[in-house]
Amino acid sequence: MADLRVEIADAVATLTLDRPEALNSLTIPLKEELARAFRSLARNPAVRAVVLTGAGRAFCAGQDLRERLEPDAAPLATEVRERYTPIVLAMRRLEKPIVGAINGVAAGAGASLAFACDIRIAAEEASFLLAFGRIGLVPDSGASWFLPRLIGAGRAAELALTADPVSAADAERVGLVSRVVPGPALLDEARALATRLAAGAPVALALTKRALNRSFDASLEDQLEYEAALQGIAGSTADHAEGIAAFIEKRKPAFRGE
Ligand code: T3D
């Protein structure tokens, strides 16, 4: 049975990690399904935004540690390169916004998946745990890259080195999540946000994600030039003309991704 549920409605794809009995920890089939799903959503014009969440009480507990004990388990570096890196790259390269609906604990690579989303909304009972250190490993799947960018170097070092859990309330306070909502409302809130994003101008959203992705590695001069070039592309779309027309005519724009 598939461990990843994919539901598409109203231009929003909801991906649900679905191994609740093992806190949605990541097995080889689940990792492969997830990377495949993100690549396939990239090619699906009917999907304009994505929600990533977990079934049951956890978002994702990271690597399935039982699978790791199997005699034919790949060496760690190989597993990370071949099965985690492709997921994270597919998420960051997906030119559609990803809303993380963090329903419960996000631990180890599960936290990394949450960090790789564009926007995170958390349930009150959610928490983040850089569990790697607790089992003698280092942060992977982008955790050491995303975390300092999201919350600053000092706080990132504290979370990574102590592996102390961060509550949803603290995550909101430090800017790790955009907001915290009651658990039963989480999916509706995340889908409502994704639906709103899906109604945006797709090319502009794609280029915005591209600009944000490269901003930390660019000088101000380079980024100003990059923005100008992207604006040239966005400005030549039919959606830009539609945006202006809708403003003048005092109506909602109908963006078509053209
Ligand atoms: O290939 C590689 O290894 C390289 C990649 C590494 C990336 C990583 O993600 S390394 C980090 C791996 N993850 C962890 O170390 C987290 C392990 N889990 C926990 O620390 C705790 O489960 C949680 C803090 C997440 C939640 O605690 P709690 O008390 O709410 O739940 P629990 O009782 O520990 O877990 C409930 C069940 O889920 C339990 O199964 P059982 O006893 O009821 O049959 C537990 O074994 C299972 N479970 C939780 N996490 C994992 C898991 N099973 C397999 N793998 C897990 N990661």
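We now turn to the structure provided with this report.

Criteria and cut-off values
- Residues numbered from 1 in each chain as written.
- Predicted model: local features only at pLDDT ≥ 70, side-chain atom pairs only at ≥ 80, totals over all residues.
- Heavy atoms only, no water.
- Near = heavy atom within 4 Å.
- Polar contact = N/O pair within 3.5 Å; in protein donor to acceptor, adjacent residues only side chain to side chain.
- Helix = DSSP H or I, 4+ residues; strand = E, 2+ residues; numbered from the N terminus.
- Nonpolar A, V, L, I, M, F, W, Y, C, P; charged D, E, K, R; others polar.
- 1 Å grid on protein atoms, 1.4 Å probe; cavity = no way out; pocket = protein on both sides within 12 Å on 5 of 7 lines; lining within 4 Å.
- Points joined across faces, edges and corners; volume = space filled by probe spheres on them.
- Domains from an automatic or database assignment.

If you check the shell around the ligand, you find 24 residues, and the closest are Arg57, Gln63, Leu65, Arg68 and Ala109. The separation between a nitrogen atom of the ligand and a polar main-chain atom of Leu65 is 2.9 Å. Contact between the ligand and Arg68: an oxygen atom at 2.8 Å from a side-chain N or O atom of the residue. Among the elements of the structure, α2 (65-68) and α3 (76-93) are those that each provide at least two residues to the shell around the ligand. The element contributing the most residues to the shell around the ligand is α3, with four residues. A per-class count over the shell around the ligand returns 13 nonpolar, four polar and seven charged.

Reported here for the largest pocket is a volume of approximately 440 Å³. Looking at the largest pocket, it is lined by 21 residues, and the ones nearest its centre are Arg92, Cys117, Asp118, Leu212 and Asn213. When contributions to the lining of the largest pocket are tallied by element, the ones reaching two or more residues are α4 (109-116), β7 (119-123), α5 (143-151) and α9 (202-215). Ranked by residue count, the leading element in the lining of the largest pocket is α9, at six residues. When grouped by side-chain class, the residues that make up the lining of the largest pocket number 12 nonpolar, three polar and six charged. The residues that make up the lining of the largest pocket include at least three from each of domain 1 (4-198) and domain 2 (202-249). Counted as a void, the second largest pocket has a volume near 290 Å³. Surrounding the second largest pocket, 19 residues form its lining, Gln63, Leu65, Phe132, Ile135 and Leu137 being those nearest its centre. For the lining of the second largest pocket, the leading source of residues is α3, giving four residues. Class assignment of the residues belonging to the lining of the second largest pocket gives a composition of 12 nonpolar, three polar and four charged.

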